[in-house]
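# Breakdown of the fold
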Amino acid sequence: MKAIIFAATVLASGAAYASSFVGNGGSPGDVELAVARQQIQGTLQDFTTWEADENPCVCGPNMERSSMCAYLKDLTAAQIRTCSAFIHEKGPELKALFQHGEIQIEWTHEKITVMENGRRRAVDAVANAKTGRLTLDKNRFVEMGAADRIFLLTHEGLHFMKWKGKELVDEGSFDSFSGPEGGRHFINSVAAAVAVGAYESNQISGYQAALNRSKSYKKYWIDASITGMNAGDSTSNFAVKNLSGTALAFRYSFGDFGVGVEYTSRTGDKSHLNTIKGDERRVTTAIGAHYRFFPSKDPLSYWGPSHLLLGVKYAQLSGTYKLKDDFISLDDSASVTGLGIDCHYYFPFRSGLWGFVSLSYLQAGVEYSKVNLRYEGNPTTIGYGVSYGF
Amino acid sequence: MDFKMMNTMKQALLLPVLGLALAACTPSLSISPDENNIGEILGGVSSLIAPDDETNEVAIFDETTRKIHRFDLGTMSHKTALSVTNPGEKHYVIGDSQGRFVVDLTLKHLTIFDRDGRAQHDPIKLFGKPRSAAFRENLGLLVVYDDLMNVGIVKMSATGLVQSTWVGGPVIEGATIAAGDVDEAGRLVLMMSDGVIVIVNIDQTIAQDKWVFTKFDSGLTGVSWLAPLSGDNGRRVLVRSRSKVAILDLVSETNVSERDVSGETAVKLSKSGDPHVITQAGSSEITLVYAEGAVLKARKMFKQTPYLMNSHLDVNGDTWTSVETTYQPTIIWNDTDQYRESRALKKYRVSDLRALQYKPVVGKAQIRLAESYIFALFPSELGYAVRYNIMDDSARELRAFNLNYL
């Protein structure tokens, strides 16, 4: 993992295109970034409880196999002291950087490249200490593991700090970390210590559930649900009160807006007197647009990713009705179009799966003239189902 | 005591003995408890429709929806459905073929619906249960006979409005009504228990509030069934007694033709079309007895099932149509619906008894028989009726006519 994480400061003449960061969980990386920031803060808070002689820059026996320990295992005693001293002394300051949002973090979908030692190379993030801006390659960040994100963010955060009168940069020696990249070596050591500390203080495992929850920023959604429809008021004895069936929907989301199509098929029956039975089937096809919002402000809580989807749609309802008794049957059909509104509430499962409940209303009274059946009211539908976002 | 006196005494002693012996040796045509009626027993009076095929309307009580339907069988359309009082009871419906009125009889009530479907409940008050009825639709005459032997007469207008009514008892000049019917002239013809024929003037009877009649002695005894002949304007009646079937001429007041049916059992007394009697001798020999003008005719058939549910005779058309069943009917009057499975229709040419048609009758349905078709009302709550042509397999359906009433 070490080999693919590259961080840089803009001082190394980086160039990147960034997008603004909202952070409500509705965009890719929001949750991962919020979790990483929380984990860094939690770990640094945990370090404050350590005794002065406890050394966070040494991998414990349980962590020796961690990839992060590769940054620490070859440290000299002096480097370990330097690293540990920094964490004990500047840990709260580093924590405050992430806690108070003093760093303006931006996403970019572009590849970030920096010029180092006369040659250009790709990196995952770039920090500009002068502007206080940290740019992250969104796709790379989302794909990383939790420890790598902690490492990357800590590394970049350190570029916004000074210690012993010096800015923390990658180039040149720093204290006991000598050589042209001594600064990078030091910064990586501190970042690795924070990442290892995150494991040991259960910050990694503590946020696993939040990271595993399905993400709401997916563009494509497929909904499958079981629905029950109140067919609408009617004075006819043949009126089916309730129909039930299944619905299949596909949505495309761009941010909090989206469009979609829906297909539903529902059936219901009604008995009258001793032998009369009516069987009704309604098929609805609809196109519509929707807007979503997140009632919960905390994207890391269970309800954080859950969201409401409010939609309007234009639907065509096609119905068939078979009225029969022991001797004859009558078939009738009807087709009507109308506007409708609906509301879905999605709550996250895992692996892109969601559960949802829905309520919809369609302004479309149905009439079957051959069987003297007219629904005066408009159908309302409730449903529940699962959704997959990808 | 002289010889003459002794002979007289011997005769006096022997005659009753001989009489008893003759009575014991000569089987008589048994009288069904369903006889001794005026018109037809309720179960039979509603089972027929007039033979005027193309213009007929039929009224039928739907035992499924418990309403009276009126159908136009010419256009095969449903005209209306009438709600009845006491729908849970057994209803007997007599419909006017022109759709002018419908008579609904139950064992408690009489309702007459006029042309527009307006109900006139119990225009006459009978304390007994209506048992039989005679009906002349073209004259607007209805005579109802109850189980207390009261005779109720209702006269209706051409649109079915009740115009006048009268109720009388069964005893006229000391004798009691044994059988009767309304003839084509609008007279109530009654056979009395003493063998006297009474011809009642209905209009005068209503007007004077008493039986107004003429009479003559028929010379017959034990008559239990009387049917005016069709197409002779009330001149003759066909009667059956314990031992005879006879034609009585009401003008000449004579018995113009008779047939001894001693030893035979009456299995069907039918007034459908031309009145006729079907008797059975043995297990598979039946005899059709009918009037052709003033002459009684008979046709014997062998190896026939005697289980006749309905028998319709058209003498002029030379056809005899019956509905048979494999079940054994317990009724002597016409009722095509007593059993609703295993029914079959047979049609014969009367003159030589050539079979013209044999076809199974649909199951489950209430059926009404006309000259050339069977009308079947199925127990469908949605409403399903079919008019089957008797002579071929064509049929006309009427579906879902109850939709507006459900």
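Quantities reported herein were computed from a predicted structural model and do not represent experimental measurements.

## Some remarks on the pattern of salt bridges
The tally for this structure, following the rule as stated, stands at 39 salt bridges over all chains. Of the charged contacts, one joins Glu181 of chain A and Arg184 of chain A as a salt bridge, the two residues approaching to 3.3 Å between their closest N and O atoms. Residue classification places Glu181 of chain A among the partly exposed positions, given a relative accessible area of 38%. Under the relative-accessibility criterion, Arg184 of chain A is labelled buried at 11%. Measuring nitrogen to oxygen at the nearest pair gives 3.7 Å for the salt bridge that ties Lys108 of chain B to Glu89 of chain B. Taken together, the positions of Lys108 of chain B in the loop between strand E6 (102–105) and strand E7 (110–113) and Glu89 of chain B in the loop between strand E4 (77–83) and strand E5 (92–95) put the pair 19 residues apart, joining distant regions of the chain.

## A short note on helix H4 (residues 146–158) of chain A
An ideal rise of 1.5 Å per residue puts 18 Å on 13 residues; H4 of chain A measures up with 18 Å between its terminal C-alpha atoms. By the criterion of burial, H4 of chain A is predominantly enclosed, with 13 of the 13 residues buried.

## Some thoughts on the interface of chain A and chain B
In this assembly, 17 residues from chain A lie in contact with 13 residues from chain B. Carbon and sulfur atoms make up 68% of the surface buried where chain A meets chain B, a total of about 1200 Å² over both sides. For the chain A face of the interface with chain B, the top three residues by lost area are Phe327, Ile328 and Asn372 of chain A, together amounting to 46%. Summed over the shared surface of chain A and chain B, the result is 0 salt bridges. Counting residues per element, the ones that place at least two in the side of chain A that touches chain B are strand E13 (307–324) and strand E14 (329–348) of chain A.

## Examining the environment of Gly365 of chain A
Residues and elements named next belong to chain A. Secondary-structure assignment places Gly365 in the loop between strand E15 (353–362) and strand E16 (367–368). The spatial distance from the C-alpha of Gly365 to the C-alpha of Gly377 is 5.9 Å, given a sequence separation of 12 residues. When near neighbours in sequence (up to four residues on either side) are disregarded, Gly365 contacts Val336, Tyr375, Gly377 and Asn378.

## A few points about the packing of aromatic side chains
Residue and element names in this part refer to chain A. Inspection of every chain in the model, using the stated rule, returns 30 aromatic pairs over all chains. Their ring planes at 80° and their centres at 5.0 Å tell us that Phe47 and Trp50 sit as a pair that is edge-to-face. Classification of Phe47 by relative accessible area gives buried; the value is 3%. Counting every residue linked through ring pairs, the aromatic cluster contains Tyr220, Phe250, Tyr252, Phe254, Tyr388 and Phe390. A cation over a ring is seen here: Arg282 above Tyr375, with NZ or CZ 4.6 Å from the ring centre.

## Focus: the confidence of the model for chain A
All names here are of chain A. Residue-level pLDDT values for chain A average 88, and 93% of them are 70 or greater. Residue range residues 1–5 is modelled with pLDDT below 50. Its contacts to residues more than four positions away, or to other chains, number 10 contacts. Every residue in residues 7–22 scores below 50 in pLDDT, and together they form 53 contacts with partners more than four places removed in sequence or on other chains.

## Some thoughts on the state of the cysteines
All names here are of chain A. Counting across every chain of the model gives 2 disulfides over all chains. For Cys57, the disulfide goes to Cys83, at an S-S distance of 1.8 Å. Note on the Cys57 and Cys83 pair: the S-S dihedral is about -75°, so by sign convention the disulfide is left-handed. A residue pair is termed long-range when its members are at least 10 positions apart, and Cys57 in the loop between helix H1 (30–47) and helix H2 (77–99) and Cys83 in helix H2 qualify at 26 residues. A residue is classified by how much of its surface remains accessible, and Cys57, at 0% relative accessible area, is buried. Taking relative accessible area as the criterion, Cys83 reaches 0% and is therefore assigned buried. Between the sulfur atoms of Cys59 and its disulfide mate Cys69 the distance is 1.6 Å. On the S-S bond that ties Cys59 to Cys69, the torsion sits near -100°, and the link is left-handed. With Cys59 in the loop between H1 and H2 and Cys69 in the loop between H1 and H2, the pair connects residues that are 10 residues apart, well separated along the chain. As far as burial versus exposure is concerned, Cys59 and Cys69 are alike and both buried.

## Quick notes on the nonpolar core
Counting residues in hydrophobic clusters, the biggest one holds 59 residues, and the most contacted among them are Phe86, Leu134, Leu136, Phe141, Leu153, Leu168 and Phe186 of chain A. Those elements giving two or more residues to this core turn out to be H1, H2, strand E2 (104–108), strand E5 (125–128), strand E6 (133–137), H4, helix H5 (182–200) and helix H7 (208–212) of chain A. The element contributing the most residues to this core is H5 of chain A, with 10 residues. With sequence-adjacent residues up to four places away left out, Phe186 of chain A is seen in contact with Thr82, Cys83, Phe86, Trp163, Leu168, Phe174 and Phe177 of chain A. Core analysis: the second largest hydrophobic core is formed by 39 residues, Tyr321 and Ile328 of chain A together with Leu345 and Val386 of chain B among them.

The rules behind these values
- Residues numbered from 1 in each chain as written.
- Chains lettered and ligands numbered in written order.
- Predicted model: local features only at pLDDT ≥ 70, side-chain atom pairs only at ≥ 80, totals over all residues.
- Heavy atoms only, no water.
- Salt bridge = Lys/Arg side-chain N within 4 Å of Asp/Glu carboxyl O.
- Buried < 20%, exposed > 50% of the residue type's maximum accessible area, 1.4 Å probe, protein only.
- Helix = DSSP H or I, 4+ residues; strand = E, 2+ residues; numbered from the N terminus.
- Expected span 1.5 Å × (residues − 1).
- Contact = heavy atoms within 4.5 Å.
- Buried area = accessible area lost by both parts, 1.4 Å probe.
- Phe/Tyr/Trp six-rings, centres within 6.5 Å; stacked < 30°, edge-to-face > 60°.
- Lys NZ or Arg CZ within 6 Å of the ring centre and 35° of its normal.
- pLDDT = per-residue confidence, 0-100.
- Disulfide = S-S within 2.5 Å.
- Core = buried A, V, L, I, M, F, W, Y, C linked by side-chain atoms within 4.5 Å.

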